[in-house]
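Geometric and topological summary
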Amino acid sequence: MGQQAFIIVDLQNDFCPGGSLAVPEGDRVIPVIQDWASRFQRQGKLVITTQDAHPADHISFRERGGPWPPHCVTGTHGFELHPDLHLLPHPAFHKGYLRDVDAYSGFEGTLVAPDGTLSTPPVSLEEYLRRENVDTLHLAGLATDYCVRATVLDALKLGFATTVLVDGVRGVNVNPNDSEKALNEMAQSGAKVR
Ligand SMILES: [Zn+2]
């Protein structure tokens, strides 16, 4: 049997209240995520974070015709993980770091090296999980209807047994039911939503 990992998606200041692309109640997921992360790390299981890591002129920003206000620009406060989340050292993956390519899924991310730069050669999330013999994923974070959704759907396509923690996710809800729809889609694709 393989290992389990807990993946925390984009729990960054810009996606929390006060941030440039705040998800309503985004910070409410923190206690739930902290509980899971602490338990996993205590048990010696993997906790992994993903982060949007955009250049200042990223293609997803409105000034470049994209849908979003500038957010999670590498090196800014908004890019940092929320300060109320306390983790032991853990693998981190950055995504969306190319100026002309957007990336919602953590599986489009690249492992960050100890010095904060991207690993060379680049290590993808899938590669990392396979190497660690992980076959079961638990996911939480922001936002349900974008990066959580994309990461979960990729995980399922790649054959990982995947559970979404419903209390540990919140959505943008550009349309009022987007989060609910996303959770249904994840469940129909084979995720456990609990
Ligand atoms: Zn982004």
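Heads up: the structure comes first, above all this text.
1. Side note on the coordination of the zinc ion
Of the protein atoms, only D52 (OD), H54 (NE2) and H71 (NE2) coordinate the zinc ion, at distances of 2.0 to 2.1 Å. Sequence spacing among the residues donating to the zinc ion works out to D-x1-H-x16-H. On the criterion of sequence distance, the pair formed by H54 in the loop between β2 (46-52) and β3 (92-95) and H71 in the loop between β2 and β3 is long-range, its members being 17 residues apart. By relative accessible area, H71 is classed as buried at 3%.

2. Quick notes on the pattern of salt bridges
Using the criterion set out here, one finds 10 salt bridges in the structure. Note that K95 and D52 form a salt bridge whose closest N and O atoms lie 2.9 Å from each other. Residue K95 is found in strand β3, and its partner D52 is found in strand β2; the two are separated by 43 residues along the sequence. Assigned by exposure class, K95 and D52 land together as buried. Close ionic contact of K157 with D154 constitutes a salt bridge, the shortest N to O distance being 3.7 Å. Of the two residues, K157 and D154 both sit in helix α3 (residues 144-157), 3 residues apart, roughly one turn of that helix. Judged by relative accessible area, which is 69%, K157 ranks as exposed. Taking the relative accessible area as the measure of exposure, D154 reaches 21% and is therefore partly exposed.

Conventions adopted
Residues numbered from 1 in each chain as written. Predicted model: local features only at pLDDT ≥ 70, side-chain atom pairs only at ≥ 80, totals over all residues. Heavy atoms only, no water. Donors = N, O, S within 2.8 Å, 3.2 Å for Na, K, Ca; no water. Helix = DSSP H or I, 4+ residues; strand = E, 2+ residues; numbered from the N terminus. Buried < 20%, exposed > 50% of the residue type's maximum accessible area, 1.4 Å probe, protein only. Salt bridge = Lys/Arg side-chain N within 4 Å of Asp/Glu carboxyl O.

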